[in-house]
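Observations on the model geometry
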Amino acid sequence: MELGAWNLEFVNNLAKIEEIYHAALGKSPFERAAFLKESCGDDVELRFEVESLLSFDEQAADFIETPPEDVAAAIFAKKRDENLIGKTLNHYCVLSILGAGGMGEVYLAEDTKLGRKVALKLLPQQFSTDAERKARFEQEARAASALNHPNIITIYGIETAENLDFIVTELVEGKTLRERITEKPFSWQETLEIAQQITSALEAAHAVGIVHRDIKPANIMIRRDGFVKILDFGLAKLTMPNTDSGSFETRDQTAPNRVMGTLNYMSPEQALGEKVDARTDIFSIGVVLYEMLSGIQPFAGASDAAIYNATINKNPPLLSESNTEIPFELDLIIKRAIAKNRNERYQTAENLRLDLQTFKQDSSAANFVSLSAKPSKSNFAKLIYPLAALVLAISAIVYFAYFAKKSETNQPDVAKHFNFSQFTTSGNAVLPSLAPDGKTMIFSSRQSGNWDIYFQRVGGANAINLTKDSASDDLQAVYSPNGEQIAFRSDRDGGGLFVMGATGENIRKISDFGYHPAWSPDGKEIAFSATTFEDPTDRGQFPAALWAVNIASGEKRELTKGDAVQPSWSPNGERIAFWGIDNGGIRDIKTVSSKGGDEIFVTKDAALDWNPVWSPDGKYLYFASNRGGSMNFWRVSIDEKSGKTLGEPEPFTTPSTFSQNLTFSANGKILAYVQKTNSMNIIESEFNPNTETLSKKTTEITNGAKINRNPSVSPDGEFLAFDAIKDKQEDLFICKRDGSNLLQLTNDINKDRAPRWSPDGKKLMFYSDRSGKYESWTIKSDGSGLSQFSFDSEPYGMLSFWSPDGKKILQNVNQNYPKIFDAEKPFTEQTPFQIPTETGADRCAMAYSWSPDGKKIASMRMGTQTELFGIVIYDLASNKNEELTNFGESPVWLNDNRRVIFFDVNKIYLLDTLTKKTKELMSFAPNENLQGITISPDNRFIYYSLQKKESGIWLANIE
């Protein structure tokens, strides 16, 4: 039942209705009648409105799990909308209502000073004179604003305007955990990902003496990119350490036996009105995890008394007993979190997080077998079942003993001794470099419109733009070993590497090409890569060598022959670390002598490893990797002189789901890194091919934590195929054009990418590494009939697709021009035709679409060193290429066989291939990039993958 379905005819004195309603809410029917008669007097209309609202509460209770006062607040908010929408409170223009609850309504507003969207949480007017309610409202603002953590909602301020008290917070777009659970239970893998973020946030809150006391699904928001935010600190308690137990106790108490919170998620001690500490939040987390996995509240009942009884006296059944997909080990973690006796519970959120993290890493191993696997029935059942019970019991004992010891004495995560704090809040700061003395930092940001290099004091708040004199992009800045100079990449003066003074003076060019500069320890040379990248998963077009340039003379020398990017020079100057892509598409860390020579692998496995950084003492090589499930830091002990590794990689986990760009001070006691949130979803925009206009109104076809990319529309225009990345998997999906009827075609550890429909709509062609290297494959649209098409794509195959008549197949092969095959012959009988190269060995092209008449192919051409994109049209009749632009990628033909649409970074263009004129159709925000584009058969809709990136720099100090 929706609130909008109940039509109340409110009278003008709304505040009077609210006042009487709340006073009558807790009274019995007999008491209520007498009270209403006294309060409303002869005002029949006023009494009718209050009685109608109270009656609605009883009806609503049958349909929604919402307290009556919350229902009322929502209804009052709907009426109050008429007066607030469009009004400006201080410098916040109210746009619409987002929601309502017992402690206030939440509105969407625009901060007219800073030009950003925010959320305003208003204390209801009838509570403004209620000292306790107002104190709780202010307590929420103080509690949350005292915290600085990526998984806790950011409080911008608490303000008053026109007799309204309100909290200003960041705008969190997404769904509450409550909304998401009602759709369907979470998988245990999704639950782990979210649980780690929740526990990380509470770990930070508990560390400064704040206990939330109302952890529940409604107070946990999941953004569209899968990032978690904890809301509503209205019941938070400030606590002080208990030096005897190491736990926290409340510093100030509510009235004796006063129970506050949400009953289904309260710990037994909280439900009984006893003194609470941080362990009450741990109990609530366990309850939430149980509900996420099962869709059922573990402590429920038909009445408050029944819920109390369940919370205090009953234990819910293990989830793995009814769902064998849920690992028994995860059951044990939850069981310990919801232990009745707080002394038997996890004592800190950190211990809970570490156990979840360790279990996640262990469950990612190839040999992981869940203890919840059930034996099949047989004649030996009487023997097997007792034996299985014994094994489970022993396993549980060993498991708890192992985790207790590991959490308290031998946790391997080397980052646990660091204190993390946020350094920037702009949302687009990347590529930090700490000065050797650790007192200042430089970084790159787009806050002025283009990429610039900023300087900021550690502990300060004002960033100074060092390159504001240039309209070109300046980024990838790094301090020299003595901190007196800065090397950086710039597009100014034709592009290349530059050096300037530590405060931006005396800029000079030292190389006409290059990216990601790295200083030698003596400050005489700079190592650099010949190409760059936005994301480690995006690059893969060309092998790029590593170079070194003498700063004084400008003389260059080549260091590597294979693929090498993002160098890091060892402290002793003898080796350079980097990462590259091998012929199978795997990204690994390597080192090479600073004089050049043979390359030595540091990592060589299926994980995505990149961004290597030497520790200041040269004993470790740090790097970013997804080997633990999310992108975070790892390190490996290494011999700095030989490059030989001395052990296995170990985690260096930061409080982030995606970390990159690590940098150290010279003494190793301060480090900085970038915390990044990254989402990519498929968007639909309406297109008019006659007026050549693209509607600004867009529809999001996909959402969630996955990276959804490379859309392809079916020949009938009714379905979309795409690939999606989540954790270590890259799989194929199909859905209807409105996002419904989602069907997953592949589900394994192989990387399946860039699906394209056959002309008859029955099959899809894609490229995959499932044979050991990237080749072209086909699969039916129902997920059956998986078949390999190509078998010798050297160095590896990429995007492939059919001709419009289905008789030919075009395959792109890395480092080569596209090849055209006969679709009706086996691969072993093929003599493919290769589209010719005409513009030199430093260029290659990737074909992207075939014109509907089958006469031309649109490609994107790229330079091997600068990755300069451009749109190229190949004419099959003349056997010639024509380059029409020097920018842009992913060209797609319109039905007229003349025009193509394409994109360039964050803009969509239309190109007339006859006049060679381009027209911009749409532009996006600086932190938004496109990847992959397609158009419906009738040319009325354009689909594309839109990537949204937010990044901030964090600091850590060793204890």
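Section: the overall build of the chain
Per the secondary structure count, the chain includes 14 helices and 58 strands. When burial is assessed residue by residue, the chain has 55% of its 959 residues classed as buried. Put simply, 49% of the contacts in the chain that link residues at least 6 apart link residues at least 24 apart.

Digging into the environment of I307
Relative to the helices and strands, I307 is located in helix α10 (residues 304–313). Distance from I307 to N264, taken between C-alpha atoms, is 6.6 Å for residues 43 residues apart in sequence. Among all residues touching I307, those that are not within four sequence positions of it are L263, N264, F299, A300 and G301.

Quick word on the pattern of salt bridges
Tallying each qualifying case throughout the model produces 36 salt bridges. Between E692 and R899 there is a salt bridge whose closest N-O contact spans 2.9 Å. Pair noted here: E692 is in the loop between β35 (670–688) and β36 (693–700) and R899 is in strand β54 (residues 899–904), with a separation of 207 residues, a long-range link. Residue class for E692 comes out partly exposed when judged on its relative accessible area of 24%.

Describing the pairing of strand β4 (residues 116–122)
Taken across its seven residues, β4 has five buried, putting it largely inside the fold. Sheet topology places β4 next to strand β6 (residues 164–170); five bridges connect them, and they run antiparallel. The residue of β6 that forms the bridge with L122 is F166.

Remarks on unusual backbone geometry
The phi dihedral of N611 falls on the positive side, at around 55 degrees, and the residue is not glycine. In this fold, N611 is placed in strand β30 (residues 609–614). Phi is positive for K916, which is not a glycine, with a value near 65 degrees. Structurally, the position occupied by K916 is in the loop between β55 (907–912) and β56 (918–923).

Things to note about the confidence of the model for the chain
Taken residue by residue, the chain gives an average pLDDT of 81. The fraction at 70 or more is 79%. Residue range residues 1–12 is modelled with pLDDT below 50. Its contacts to residues more than four positions away, or to other chains, number 26 contacts. Every residue in residues 57–68 is under pLDDT 50, and counting partners more than four places away or in other chains gives 14 contacts.

Points about helix α12 (residues 328–337)
Most of α12 sits inside the fold, with nine of its ten residues counted as buried. Considered for burial, the residues of α12 that qualify are F328, E329, L330, D331, L332, I333, I334, R336 and A337.

A look at the packing of helix α7 (residues 188–207) against helix α9 (residues 279–294)
It is at 10 Å that the axes of α7 and α9 come closest, and there the two elements cross at 165 degrees. As far as their axial angle goes, α9 and α7 are roughly antiparallel. Judged by the sense of rotation from one axis to the other, the crossing of α7 with α9 is right-handed. Residues W188, T191, I194, A195, I198, T199, L202 and H206 of α7 lie in contact with α9, whose contacting residues are D281, I285, L289, M292 and L293.

Observations concerning the sheet that holds strand β45 (residues 797–802)
Spatially, four strands are ordered β45-β46-β47-β48 in an open sheet, and the strand pairing comes out antiparallel. At either end of the open sheet lies a strand with only one pairing partner, and these are β45 and β48 (833–834). Pairing analysis gives four bridges linking strand β46 (residues 808–813) to strand β47 (residues 819–822), with the strands arranged antiparallel. Across the sheet, the residue bridging to K808 is D822, located in β47.

Brief notes about the side chain of N681
In this fold, N681 is placed in strand β35. For N681, a relative accessible area of 3% gives the class buried. Within the local environment of N681, its side chain forms a polar contact with the side chain of T702, the two groups lying 2.8 Å apart.

Quick notes on the environment of P327
One can find P327 in the loop between α11 (319–322) and α12. In this structure P327 comes out as buried when scored by relative accessible area, which is 1%. As a C-alpha pair, P327 and W188 span 139 residues in sequence and 7.9 Å in three-dimensional space.

Side note on the pairing of strand β26 (residues 565–569)
Summarising burial for β26: five of the five residues are buried, a large majority. Across three bridges, β26 lies against strand β27 (residues 575–581) in antiparallel orientation. Looking at β27, one finds that S568 is bridged to A577. Counting the residues that bridge the hairpin from β26 to β27 gives five residues, and of these G573 lies at a positive phi of roughly 80 degrees.

Comments concerning the packing of aromatic side chains
Tallied over the full model, the rule gives 26 aromatic pairs. Ring centres 5.2 Å apart and planes at 80 degrees place the aromatic pair F533 and W579 in the edge-to-face group. You can see F533 sitting in the loop between β23 (525–529) and β24 (546–550) and its partner W579 sitting in strand β27, a full 46 residues away along the chain. By the burial criterion, F533 is buried, and W579 matches it. Members of the aromatic cluster, connected to one another through ring pairs, are Y620, Y622, F652 and F664. Across from the ring centre of F658, 4.9 Å away, lies the NZ or CZ of K676, which sits over that ring. Directly above the aromatic system of F941 lies the positively charged group of R737, at a separation of 4.2 Å from the ring centroid.

Observations regarding the sheet that holds strand β10 (residues 228–230)
The pairing of strands in a sheet comes from backbone hydrogen bonds and takes either a parallel or an antiparallel form. The three strands are arranged β7-β9-β10 in an open sheet whose pairing can be described as antiparallel. Two strands lie at the open edges of the sheet, namely β7 (174–176) and β10, each paired on one side alone. With strand direction ignored, the average angle separating the axes of adjacent strands in the sheet is 25 degrees. Of the strands in this sheet, β9 (220–223) and β10 touch α7, which is tilted by about 35 degrees from β10.

Brief notes about α9
The terminal C-alpha atoms of α9, which comprises 16 residues, lie 23 Å apart, in line with the 22 Å expected from a rise of 1.5 Å per residue. Buried residues dominate α9, accounting for 15 of its 16 residues.

Observations regarding the nonpolar core
Judged by nonpolar contacts, the single largest core of 40 residues is most densely connected at L177, I198, M292, L330 and I334. Secondary-structure elements contributing two or more residues to this core are α6 (177–183), α7, β9, β10, α9, α12 and α13 (349–363). Looking at this core, the element that brings in the most residues is α9, giving nine residues. Excluding its chain neighbours within four sequence positions, the residues that come into contact with L330 are W188, L192, L293, L356 and F359. Of all hydrophobic cores here, the second largest spans 36 residues; its members include M798, A845, A847 and M922.

Some remarks on the environment of S490
One can find S490 in strand β19 (residues 485–490). For S490, the contacting residues outside a window of four places in its chain are D473, D474, G495, G496 and F498. A polar contact of 2.4 Å, which involves the side chain of S490, links it to the side chain of D474.

Concerning the packing of α9 against α12
Taken N-terminus to C-terminus, the directions of α9 and α12 make an angle of 140 degrees; their axes are 8 Å apart at the nearest point. Judged by the inter-axis angle, α9 sits oblique to α12. The interaxial crossing formed by α9 with α12 has left-handed handedness. Every residue of α12 that contacts α9 at I282, F283, G286, L289, Y290 and L293 is listed here: L330, I334 and A337. The residue makeup of the contact of α9 with α12, split by class, is eight nonpolar, one polar and no charged.

So, how was this worked out
- Residues numbered from 1 in each chain as written.
- Predicted model: local features only at pLDDT ≥ 70, side-chain atom pairs only at ≥ 80, totals over all residues.
- Heavy atoms only, no water.
- Helix = DSSP H or I, 4+ residues; strand = E, 2+ residues; numbered from the N terminus.
- Buried < 20%, exposed > 50% of the residue type's maximum accessible area, 1.4 Å probe, protein only.
- Contact = heavy atoms within 4.5 Å.
- Salt bridge = Lys/Arg side-chain N within 4 Å of Asp/Glu carboxyl O.
- Pairing = 2+ DSSP bridges.
- pLDDT = per-residue confidence, 0-100.
- Axes fitted to C-alpha atoms, helices over the stretch in contact; angles between N-to-C directions.
- Parallel < 35°, antiparallel > 145°, perpendicular 65-115°, else oblique.
- Left-handed = near helix turned anticlockwise from the far one by under 90°.
- Polar contact = N/O pair within 3.5 Å; in protein donor to acceptor, adjacent residues only side chain to side chain.
- Phe/Tyr/Trp six-rings, centres within 6.5 Å; stacked < 30°, edge-to-face > 60°.
- Lys NZ or Arg CZ within 6 Å of the ring centre and 35° of its normal.
- Expected span 1.5 Å × (residues − 1).
- Core = buried A, V, L, I, M, F, W, Y, C linked by side-chain atoms within 4.5 Å.
- Nonpolar A, V, L, I, M, F, W, Y, C, P; charged D, E, K, R; others polar.

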